Amino acid sequence: MDTRTRIKVVVVDDSALVRGLLSEIINREADMQCVGVAADPLQAREVIRAVNPDVITLDVEMPRMDGIDFLSRLMRLRPTPVVMVSTLTERGAEVTLRALELGAVDFVAKPKIGVADGLKRLADDITDKIRVAAQAQVHRLASMPAPAGHASQPSAPTPPLGRLSTEKLILIGASTGGTEATKAVLTELPADMPAILITQHMPPGFTTSYAKRLDSLSRIRVKEAVDGERVLPGHAYLAPGGFHLSVERSGANYLARVRDGEPVNRHRPSVEVLFESAARVVGPNALGVMLTGMGADGAQAMRLMHDAGSYNICQDEASCVVFGMPREAIARGAAHEVLPLSRIAAALVARLKSTAGATIHRI
């Protein structure tokens, strides 16, 4: 491939071993090239100025200036697609979520021990995420979002919906860019929403912190789903990393099912699994939402939901980080509305109010 068309990548990591491994993994691919490395953010500034990369891989925790400080400056002054390299620890998860808030496109989780073997096993994941990042829409960071742990409740109270049937259920699927997109939707919803089930592509070890973060920001309660628990109005249930989430019926109640199993569309959790269960179990009482993400996971099952009578909303291209999953769902005829992210929560509330007296009871 012509070197001018390769994705130019700069690797920023304080570990010489990791810098070498990531450079080797990137340079093995025909469509990308490591054009520079840096041991810390101060070196990185000079390298980035010199080579003008398409994508940066950035270690979360480094000396001289940590990855978060560097990322916030980068996104304010020179917005560039960034893939964070994070450690599989509770602190690593919290810092990674902060990085996604600041505009990082995605992250790769490196193990605490056996880093060399771990990164080699993750080679395909790393290069896939670099390709996605190269296509992503990144925006200049206007101001610093509130740090995690200093979250405040949304300022403008959303009027309550009033009495709604517990038959209604909202299903949300998301991938690249979805942590922030899902947050944008949930924080605008009133406390008395129907139950919400969410599949966001995330690895094990990160969804616990993500659910806590969403819970601290939202009027509804947000938690990781537990297998067999009753799904309640006013609550959102997040698929745990590494497990599929689906919905089942037990008498008058919906139950969450959290199960291991083979990846579907290369993902576990998979949006396809959640949406297919909704088509089968919830039918016309479902509202489906497809947010930003690469690929086509969930698109076919969203069409099944549509055919079973659900009402479906897809995020529009202009507001997506990556317009993959929504595009595929739209192409399959699964969407009733295509909306900017800022209007999705209001559209859900409006739809629920307009159909408040039209719940379909299923046996």
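Reading the values: the criteria
- Position numbers for residues start from 1 in each chain and track the written sequence from start to end.
- Thresholds applied to this predicted model are a pLDDT of at least 70 for local features of residues and 80 or more for the giving and counting of side-chain atom pairs; totals over whole chains, interfaces and linings are not thresholded and use all residues.
- The side-chain figures draw on all heavy atoms in the structure; neither hydrogens nor water molecules are used.
- Note on pairing: DSSP must find at least two bridges between two strands before they are called paired.
- We count a stretch as a helix when DSSP gives it H or I for four or more residues in a row; a strand needs E for two or more, and each element gets its number in order from the N terminus.
- We call a crossover right-handed when, viewed with the strands running away from us, the connection from the first strand over the helix to the second turns clockwise.
- With axes taken as lines fitted to C-alpha atoms, and helix axes fitted only over the stretch in contact, angles between N-to-C directions fall between 0 and 180 degrees.
- By the convention used here, residues are in contact when the closest approach between their heavy atoms is within 4.5 Å.
- Two cysteine sulfur atoms make up a disulfide if the distance between them is within 2.5 Å.
- Burial classification: accessible surface area is computed with a 1.4 Å probe over protein chains only, and a residue below 20% of its type maximum counts as buried, one above 50% as exposed, and the rest as partly exposed.
- Think of a 1 Å grid over the protein atoms and nothing else: a 1.4 Å probe that fits but is trapped marks a cavity, an open set flanked by protein within 12 Å on at least five of seven lines marks a pocket, and residues with an atom within 4 Å of a point count as lining.
- Grid points are joined across faces, edges and corners, and a volume is the space filled by probe spheres set on the points.
- Residue polarity follows a fixed list, in which Ala, Val, Leu, Ile, Met, Phe, Trp, Tyr, Cys and Pro are nonpolar, Asp, Glu, Lys and Arg are charged, and the others, Gly among them, are polar.
- Expected helix span is taken as 1.5 Å per residue step, with the number of steps being one fewer than the number of residues.
- N or O atoms within 3.5 Å of each other form a polar contact, as long as, within protein, one can give a hydrogen and the other can take it, and as long as residues adjacent in sequence are counted only when both atoms are side-chain atoms.
- Note on terminology: angles under 35 degrees are roughly parallel, angles over 145 are roughly antiparallel, angles of 65 to 115 are roughly perpendicular, and the others are oblique.
- A clockwise turn of the near helix away from the far one marks a right-handed crossing, whereas an anticlockwise turn of less than a right angle marks a left-handed crossing.

1. Thoughts on the pairing of strand β2 (residues 32–38)
Relative to β2, strand β1 (residues 7–12) is paired through six bridges, and the arrangement is parallel. Bridge pairing in β2 places V10 opposite G36. Regarding the hand of the β-α-β motif, the stretch spanning β1, helix α1 (residues 16–27) and β2 is right-handed.

2. Examining the sheet that holds strand β14 (residues 337–339)
Ordered in space as β8-β9-β7-β6-β12-β13-β14, the seven strands form an open sheet in which the pairing is parallel. Because the sheet does not close on itself, it has two edges, and the strands there are β8 (221–224) and β14. Adjacent strand axes in the sheet meet at a mean angle of 20°, parallel and antiparallel pairs treated alike. Direction of pairing for strand β12 (residues 286–290) relative to strand β13 (residues 311–315): parallel, over a ladder of four bridges. In the strand pairing of β13, L287 is matched with Y311. Against the sheet, helix α7 (residues 178–186) engages β6 (169–174), β7 (195–200), β8, β9 (235–238) and β13, with an angle of about 170° to β7. On the sheet, helix α8 (residues 207–217) packs against β7, β8 and β9 and is oriented at approximately 175° with respect to β8.

3. Notes on the sheet that holds β1
One open sheet holds the five strands; their spatial order is β2-β1-β3-β4-β5, and the pairing between them is parallel. If you trace the sheet from one side to the other, it starts and ends with β2 and β5 (106–110), each paired once. Strand-to-strand, the axes of this sheet are offset by a mean angle of 25°, without reference to chain direction. By the bridge criterion, five bridges tie strand β4 (residues 82–87) to β5 in an arrangement that is parallel. Paired with T87 across the strands is K110, a residue of β5. Taken strand by strand, helix α2 (residues 41–51) contacts β1, β2 and β3 (55–59), and its axis lies near 140° from that of β2. Sheet contacts for helix α3 (residues 67–77): β3 and β4; angle to β3, the most-contacted strand, approximately 155°.

4. Some words on the state of the cysteines
The tally for this structure, following the rule as stated, stands at zero disulfides. Counting only cysteine sulfurs, C320 is the nearest neighbor of C314, a cysteine outside any disulfide, at a range of 8.8 Å. The exposure class of C314 is buried, given its relative accessible area of 0%.

5. Considerations on the layout of surface pockets
Looking at the largest pocket, its volume works out to about 1,100 Å³. Residue lining of the largest pocket: 36 residues in total, with D125, K129, H201, R266 and H267 positioned closest to the centre. For the lining of the largest pocket, the secondary-structure elements that each account for two or more residues are β5, α6 (123–135) and α7. At six residues, the largest contribution of residues to the lining of the largest pocket is made by α6. Taken together, the residues of the lining of the largest pocket sort by class into 15 nonpolar, eleven polar and ten charged. Lining the second largest pocket are 27 residues, with L100, E101, G103, H139 and E180 positioned closest to its centre. When contributions to the lining of the second largest pocket are tallied by element, the ones reaching two or more residues are α4 (90–102) and α7. If you tally residues by element for the lining of the second largest pocket, the top one is α7, at five residues. Tallied by class, residues from the lining of the second largest pocket come to 14 nonpolar, nine polar and four charged.

6. A closer look at the pairing of β6
Successive residues of a regular strand alternate their side chains across the two faces of the sheet. With six of six residues buried, β6 is to be regarded as a mostly interior element. Neither face of β6 is left uncovered, since the one carrying L169, L171 and G173 and the one carrying I170, I172 and A174 both have all their residues buried. Read as a crossover between parallel neighbours, the route from β6 over α7 to β7 is right-handed. Note that β6 and β12 share five bridges and pair parallel. Looking across to β12, one finds that I170 is bridged to L287.

7. Overview of α1
A turn of α-helix holds 3.6 residues, and therefore any two residues three or four places apart point the same way. Taking 1.5 Å per residue, twelve residues should reach 16 Å; α1 reaches 16 Å between its end C-alpha atoms and fits that length. Of the positions making up α1, those classed as buried are V18, R19, L21, L22, S23, I25 and I26. Sitting at the head of α1, S15 places a side-chain oxygen 3.3 Å from the backbone nitrogen of L17.

8. Side note on the packing of helix α9 (residues 271–281) against helix α10 (residues 299–307)
Look at α9 against α10: their axes get within 8 Å of each other, and the N-to-C directions meet at 15°. One element, α9, and the other, α10, form an angle in the roughly parallel class. Note on packing geometry: the crossing formed by α9 with α10 is left-handed. Each of E272, F275, E276, A278 and A279 in α9 lies in contact with α10, whose residues at this interface are A299, Q300, A301, M302, L304 and M305.

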